[in-house]
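# Observations on the three-dimensional arrangement
Spelled out, the chains give:
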Amino acid sequence: MRTDVEVSMSNRHAHLTAELVEALFGEGYELHEMRKVGVREFASQETITAYGPKGKVADIRVMGPPRSYCQIELLMGDTYKLGIEAVLCDSGHVDNAADLVLEGPAGKVAVPHCGIVARRHLHLGQVVADQYEVKVGDIVSVRVGGERGVIFNNVIVRSGRSDRCKFHIDVEEGNAAGLRGVTRGEIVSIDERS
Ligand SMILES: [Zn+2]
């Protein structure tokens, strides 16, 4: 089984609630769109700093529009700097996430259960779903080639909006495999059926 996927990497970023945007940037503040990353979602011009028990991480890009919950998606290395446990989470499941103090130009707020390391995942393309019987909830392995090529195991399959499969990892995972920008990979096995 060889199924092509598009690999893209994300850097550390913050999803904030509307209340937190105001607390960190000022009353009535609205985020300024810098770059679109989805149909509705965008990377804003704004960044924040996160503090943990051991240290801080600055320049965390704020994503918009605001969400109903706060989620700070960190790199594994950030969690060492901050002195927090690296909790691997699926987006939106922040019950076990780390407590952080967030700082913006207008204030500093302690936010419980917000710091996570996002679990690597694959957004299923509909064409591929029909062809290969990979289902949402399956755990698959994805191989990327090149001089530092690796096989990424424990990739959770999630739903996707486009025809193509999109494999989402963070920049540390991508750097470890020597990836640059958007690149190609392939699903090499289904390890667990949902
Ligand atoms: Zn994703």
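Note: the structure precedes this text.
Below is a summary of the structure that appears in this document.

What counts, and where the lines are drawn
Counting from 1, residues in each chain are numbered in the order their sequence is written. Where totals are concerned, whole chains, interfaces and linings use all residues; where local detail is concerned, this predicted model gives features only for residues with pLDDT of at least 70, and gives and counts side-chain atom pairs only at 80 or more. Only DSSP runs of H or I reaching four residues or more are called helices, and only runs of E reaching two or more are called strands; each is numbered from the N terminus. A residue pair is marked as a contact if its C-beta atoms, positioned from the backbone, fall within 7 Å. Nonpolar cores are identified as sets of buried Ala, Val, Leu, Ile, Met, Phe, Trp, Tyr and Cys residues joined via C-beta atoms within 7 Å. Exposed residues have 12 or fewer other C-beta atoms within 10 Å of their own C-beta, buried residues have 20 or more, and partly exposed residues fall in between, where C-beta atoms are placed from the backbone. At least two DSSP bridges between two strands are required for those strands to pair.

With that out of the way, let us pick up the environment of I116. Note that I116 resides in strand β9 (residues 107–118). In sequence terms I116 and E85 are 31 residues apart; their C-alpha atoms lie 8.8 Å from each other. If near-sequence neighbours (up to four positions away) are discounted, I116 is found in contact with Q71, E73, L74, V87, C89, V94 and A97.

Within the largest apolar cluster, 27 residues are counted, with the highest numbers of intra-cluster contacts made by A14, I48, A50, I72, L100, L102 and C114. Discounting residues that sit within four places of it in the chain, A14 has contacts with I48, I60, R61, V62, M63 and I72. If you look at the next biggest cluster of nonpolar residues, it comprises 17 residues, including V7, V140, F152 and A177.

On to the pairing of strand β1 (residues 3–10). Relative to strand β14 (residues 183–192), β1 is paired through five bridges, and the arrangement is antiparallel. In the sheet register, D4 faces β14, and the bridge partner there is E186. Judged from the five bridges that link them, β1 and strand β13 (residues 166–170) form a sheet pairing that is parallel. Opposite S10, over in β13, you have D170 as the bridge partner.

Along the chain, G64 connects to P65 via a cis peptide bond; the corresponding omega equals -5°. Phi is positive for D59, which is not a glycine, with a value near 60°. Tracing the chain through its elements places D59 in strand β5 (residues 56–64). Classification of D59 as exposed rests on a count of 9 C-beta atoms within 10 Å. For H113, which is not glycine, the phi torsion reads 50° and is therefore positive. On the secondary structure map, H113 appears in strand β9.

Both strand β3 (residues 33–36) and strand β4 (residues 42–51) contribute to a ladder of three bridges, which runs antiparallel. Bridging from a neighbouring strand, R35 pairs with A43 of β4. Where β3 folds back onto β4 in an antiparallel hairpin, the turn is made up of five residues. Relative to β5, β4 runs antiparallel, the two being bridged by six bridges. Its bridge partner lying in β5, T47 is registered against R61. Pairing of β4 with strand β8 (residues 98–104) involves three bridges; the strand directions are antiparallel. Looking across to β8, one finds that T49 is bridged to E103.

In short, the description is geometric, and any link to function would need to be established separately.
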